[in-house]
Amino acid sequence: MFCNATDPEQAAINTLLIGYGNALRSDDGVGPTVVELIRQSLGPAFAASVACRTELQLTPELAPWIASARRVIFVDASVAVPAGRVTIRRIAAQPTAACLGHQFSPPQILELARLAFGCVPQAWIVAVGVQSLAVGQGLTPAVEDTARRLAGHLRYHLLPIDKPSFHWTSRNTRLINEG
Amino acid sequence: MNKTITIEGVTRIEGHARITIELDESGKVSDAHFHVTQFRGFEKFVQGRPLTEMPGIMARICGICPVSHLMASAKACDDLLAVDIPPTANKLRRIMNLAQIVQSHALSFFHLSSPDLLFGMDGDPASRNIFGLIRDHPEFARDGILLRKFGQDIIALLGEKKIHPAWVVPGGVNAPLTAQHRDLILAEIPAALSRAARALEYFHTVRDRYPAEVDAFANFPTLFAGLISPAGLIEHYDGALRFVDENAAPVADLTDPHQYPSMIGEAVEKHSYLKSPYFRPRGYPEGIYRVGPLARIILAERCGTPRADAELGIFRTRLGRSPQSSFHYHWARLIEILYGIEMIQRLLEYPDILNTHVRSRARPNRFEGVGISEAPRGTLIHHYRIDENARMVWANLIIATGNNNLAMNRGVLQVAQRFVDGTHLEEGMLNRVEAVIRCFDPCLSCSTHALGQMPLCIELRNSTGELCDVLQRD
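Along each chain, residue indices are assigned from 1 in the same order as the chain's sequence is written. As a convention, the first chain written is A and the first ligand written is 1, with the rest following in written order. Per-residue local features of the predicted model are confined to residues with pLDDT of at least 70, and side-chain atom pairs are confined, for both listing and counting, to 80 or more; whole-chain, interface and lining totals are unaffected and use all residues. Where side-chain values are given, they derive from all heavy atoms of the structure, hydrogens and water being excluded.

**A look at the overall build of chain B**
Okay, step 1: Each helix is a run of H or I in the DSSP string that is no shorter than four residues. Each strand is a run of E no shorter than two, and both are numbered from the N terminus. For chain B, the count of helices and strands is 15 helices and 16 strands.
Okay, step 2: Partly exposed describes any residue whose relative accessible area lies between the buried limit of under 20% and the exposed limit of over 50%, with all areas from a 1.4 Å probe on protein chains only and scaled to the type maximum. The buried share among the 474 residues of chain B stands at 63%.
Okay, step 3: Here the contacts in chain B between residues at least 6 apart in sequence split such that 70% fall between residues at least 24 apart. In what follows, residue pairs with any heavy atoms lying within 4.5 Å of each other are defined as contacts.

As structure tokens, this is what we get:
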């Protein structure tokens, strides 16, 4: 539970998965759902190298975790992506704009990790298109189906655990989106 | 010609608010108000729900301090069940409550208020945020992040998640502590203590830079209120609710929570959704009182842990027993961080802390229950009534921030009169108006809070609506 990012020797997490969103707002919970599915599928052999976190939003105390990882994959809901579709893109730390909202974006939390702890991992954001953000628990059928396929693909590409980087091609995305 | 300055979107507080400053014909500040513009409605929409759902629902009031509402709500439900919770559950609830106080105080001090203290009230607004802190004071900022993480990780270890954990239930908690989790927390205590000590060292280097702010930041005599232990020690979970006067002399002790309406009245002002509680025996608004970390360390004889008591000694040597300036909330907050870490360690070292009997079970035995606890921002009261089917028929909540409403309003007026020149607006003078509010660390909503600089537009208009001056932040 605790990690110490101030000690580079302890930067032992190979992959950090962060699924974030509000599980009480239907498909907004797809990020936590995907990461929870992956967590359940991982055996003890992965416990030391893959960390799974589900969050409501990205908050400052995630920075030490991020700085401790070699790569981080954010999984989030998106209204900019067609419902049930997935986009994956590489992101980098972003020097913050003057205006900060009440939560951090993935590039901002990467920047916080870089500034505070001197490390910034490779990072990707996986965006899942949502159908409904209404109050309520559970995903809509289309998004739930996508979540399961996405979890399977991400799980597959986390192997082998000592792989130095996260290789993702447009073909992978196409496989998810085409079922 | 009368004018009004409006600060729309008060920054670096939890939630959304507005400040208006009224000027007289000569441009002098004649009045000021702190408006809370959010409406929540929890007291109404919990009606009809079973009491067993209350802690879970009430925690949703806030994403910053949900644990505080869990505590007060669970205590009100304990009262409805008429049970004494197991001693181990009492300790475990206290640990979670203190973890909440540590993480919340860390957010308030390091992320929200220290940019003003380290860069100056007139410093570049572009740097007055956590990223500016990291660039110029990296170790300090890192300590702030890690202290908040310390508290959040404890909450997550106990309750499985750091926001809205469901672990605190009527009658106790729903799972005991494991030896592994206890040891994980204990292993982090030394580093957390070091970080808190460094923060205090840093604070001592800057606290004397602001004599004008100390003098004008809600600096007036009021009552102070908070929980206190039977031995006169600082208390956050149980004990009597004590009111003391401006000299820290006890005025009243509330030992039966059900009697709180005899001491606390609630006024409503047209300009805000936030109620204005007051000490009823003195009437409204003369019954103004303050709660929170400054109040708690004023009314307690001592903290009861060695490091916090040593720092409290320095505080009192420097400022006396009962300093009236709300600027000193910052120092009090750091003392409470130290206390919280020490007390978490003490509680974890009790031999019964791993006991598995952590919940008392009963059916409802009363129709009315009251729970009082200390949130990071002050005293929090949940008061419930249920019907014969254990469904909620009525609720009243006195939120910690509300207790400070009268003092925040008077503080805004005092700062505005001291610093605001109605003929020409400058960012630094308006930042001070916001900074006095930040001293109280108000939490005005559930999970929204502003970090750093937000878009802000302050317009100065005359009584005919003519625009006289504008200050714009992008």
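And the narrative resumes.
**Observations concerning the overall build of chain A**
Okay, step 1: When its secondary structure is counted, chain A shows 5 helices and 5 strands.
Okay, step 2: Listing each helix as α and each strand as β along chain A from the N terminus yields β-α-β-α-β-β-α-β-α-α.
Okay, step 3: Within chain A, contacts between residues at least 6 apart in sequence are counted, and of these 77% link residues at least 24 apart.
Okay, step 4: Only the protein chains shown count as cover for residues, with accessible areas throughout obtained via the Shrake-Rupley method and a probe of 1.4 Å. Working note: accessible area of chain A is about 7,600 Å², and carbon and sulfur atoms make up 53% of it.

**A few points about the packing of helix H14 (residues 405-419) of chain B against helix H15 (residues 427-440) of chain B**
How two helices pack is summed up by the angle between their axes together with the distance between the axes.
Residues and elements named next belong to chain B.
Okay, step 1: It is the contact of H14 with H15, at a shortest axis distance of 9 Å, that shows an interaxial angle of 155°. Between H14 and H15, the angle falls in the class roughly antiparallel. The way H14 lies across H15 gives a crossing that is right-handed. Touching Ala407, Met408, Gly411, Val412, Val415, Ala416 and Phe419 of H14 are Met429, Arg432, Val433, Val436, Ile437 and Phe440, all from H15.
Okay, step 2: Residues are grouped as follows: Ala, Val, Leu, Ile, Met, Phe, Trp, Tyr, Cys and Pro are nonpolar; Asp, Glu, Lys and Arg are charged; every other residue, Gly included, is polar. Considered class by class, the residues forming the contact of H14 with H15 number 11 nonpolar, 1 polar and 1 charged. Helix axes are fitted to C-alpha atoms over the stretch in contact, other axes to C-alpha atoms as well, and angles between N-to-C directions run from 0 to 180 degrees. When describing relative orientation, an angle under 35 degrees is termed roughly parallel and one over 145 degrees roughly antiparallel, while 65 to 115 degrees is termed roughly perpendicular and anything else oblique. Whether a crossing is left-handed or right-handed is set by the direction in which the near helix is turned from the far one by less than a right angle, anticlockwise for left-handed and clockwise for right-handed.

**Some thoughts on the pairing of strand S12 (residues 368-375) of chain B**
All names here are of chain B.
Okay, step 1: Counting buried residues in S12 gives 7 out of 8 residues, a clear majority hidden from the surface.
Okay, step 2: As paired elements, S12 and strand S13 (residues 378-386) share 8 bridges and run antiparallel to each other. Its bridge partner being in S13, glycine 371 is matched across the sheet by histidine 382.
Okay, step 3: A loop of 2 residues connects S12 with S13, the two strands running antiparallel in sequence. A pair of strands is labelled paired if DSSP reports no fewer than 2 bridges between them.

**Observations regarding the sheet that holds S12 of chain B**
Residue and element names in this part refer to chain B.
Okay, step 1: Taken together, the 3 strands give an open sheet; going across it, the order is S12-S13-S14, and neighbouring strands pair in antiparallel fashion. Only two strands of the sheet have a single neighbouring strand rather than two, namely S12 and strand S14 (392-398). Mean inter-strand twist for the sheet, computed between neighbouring axes without regard to direction, equals 15°.
Okay, step 2: Helix H3 (residues 66-81) rests against S12 and S13 of the sheet, and its axis sits at about 150° to S12.

**Side note on helix H6 (residues 138-159) of chain B**
Residue and element names in this part refer to chain B.
Okay, step 1: The length a helix should cover is 1.5 Å for every residue beyond the first. Relative to the 32 Å expected for 22 residues at 1.5 Å per residue, H6 spans 31 Å between its end C-alpha atoms, a close match to the ideal helical length.
Okay, step 2: Counted residue by residue, H6 has 19 buried out of 22 residues, so it is predominantly covered.
Okay, step 3: Within two residues after H6, glutamate 160 carries a phi angle of roughly 75°, on the positive side.

**Some remarks on the environment of alanine 300 of chain B**
Residues and elements named next belong to chain B.
Okay, step 1: Relative to the assigned elements, alanine 300 resides in the loop between helix H10 (293-299) and helix H11 (306-319).
Okay, step 2: Expressed as a C-alpha distance, the spacing of alanine 300 and glutamate 235, which sit 65 residues apart in the sequence, is 8.2 Å.
Okay, step 3: Each residue touching alanine 300, except ones within four places of it in the same chain, is listed here: Ile228, Gly232, Leu233, Ile234, Arg316 and Arg321.

**A short note on the packing of helix H4 (residues 87-119) of chain B against H15 of chain B**
Residues and elements named next belong to chain B.
Okay, step 1: Put simply, H4 and H15 touch, their axes get as near as 11 Å, and they point 135° apart. Taken together, the axis directions place H4 and H15 in an arrangement best described as oblique. Every pair of crossing elements has a handedness; the one defined by H4 and H15 is left-handed. In this structure, H4 uses Leu112, Ser113 and Asp116 to contact H15, whose residues at the interface are Asn431, Ala435 and Arg438.
Okay, step 2: Tallied by class, the residues present in the contact of H4 with H15 amount to 2 nonpolar, 2 polar and 2 charged.

**Here we look at unusual backbone geometry**
All names here are of chain B.
Okay, step 1: Cis geometry is adopted by the peptide bond preceding proline 285, which originates at tyrosine 284 and carries an omega value of 5°.
Okay, step 2: Counting through the fold element by element, proline 285 comes out in the loop between strand S10 (276-279) and strand S11 (289-290).
Okay, step 3: Backbone geometry at alanine 82 places phi at a positive 60°, although glycine is not the residue there.
Okay, step 4: Inspection of the secondary structure assignment puts alanine 82 in the loop between H3 and H4.
Okay, step 5: Taking relative accessible area as the criterion, alanine 82 reaches 38% and is therefore assigned partly exposed.

**Side note on the nonpolar core**
Okay, step 1: By size, the foremost hydrophobic cluster in this structure holds 139 residues, and its most contacted members are Phe74 of chain A together with Ile21, Ile341 and Ile344 of chain B.
Okay, step 2: In these notes, a set of buried Ala, Val, Leu, Ile, Met, Phe, Trp, Tyr and Cys residues joined through side-chain atoms within 4.5 Å is what counts as a nonpolar core. Among the nonpolar cores identified, the runner-up in size contains 26 residues, and Val35, Ile38, Val143 and Leu158 of chain A belong to it.

**Focus on helix H1 (residues 30-41) of chain A**
Every α-helical turn comprises 3.6 residues, leaving residues that sit three or four positions apart pointing alike.
Residues and elements named next belong to chain A.
Okay, step 1: An ideal rise of 1.5 Å per residue puts 16 Å on 12 residues; H1 measures up with 17 Å between its terminal C-alpha atoms.
Okay, step 2: Among all positions of H1, only Val30, Gly31, Pro32, Val34, Val35 and Ile38 are buried.
Okay, step 3: Summarising the contacts, the buried residues of H1 are in contact with strand S1 (13-20), strand S2 (50-55), strand S3 (69-78), strand S5 (122-129) and helix H4 (141-157).

**Some points on the environment of leucine 186 of chain B**
Residue and element names in this part refer to chain B.
Okay, step 1: Following the sequence through the fold, leucine 186 ends up in helix H7 (residues 179-206).
Okay, step 2: The sequence separation of leucine 186 and isoleucine 344 amounts to 158 residues, and the corresponding C-alpha distance is 8.6 Å.
Okay, step 3: With near-sequence residues (within four places) excluded, leucine 186 lies in contact with Gln345, Leu348 and Glu349.

**Section: the pattern of salt bridges**
Residue and element names in this part refer to chain B.
Okay, step 1: A side-chain nitrogen of Lys or Arg and a carboxyl oxygen of Asp or Glu constitute a salt bridge if their distance falls within 4 Å. Across all of its chains, the model carries 33 salt bridges over all chains by this definition.
Okay, step 2: For glutamate 213, the salt bridge identified is with arginine 432, shortest N-O distance 2.7 Å. Within this pair, whereas glutamate 213 is found in helix H8 (residues 211-216), its partner arginine 432 is found in helix H15, the two being separated by 219 residues in sequence.
Okay, step 3: By relative accessible area, which is 11% here, arginine 432 ends up buried.

**Describing the sheet that holds strand S6 (residues 223-228) of chain B**
All names here are of chain B.
Okay, step 1: Taking strand neighbours across the sheet as the criterion, the 4 strands line up as S8-S7-S6-S11 in an open arrangement whose pairing is mixed. Looking at the sheet topology across the chains shown, the edges are occupied by strand S8 (250-254) and S11.
Okay, step 2: Bridging between S6 and strand S7 (residues 240-244) involves 5 bridges; their strand directions are antiparallel. Its bridge partner lying in S7, glycine 226 is registered against arginine 242.

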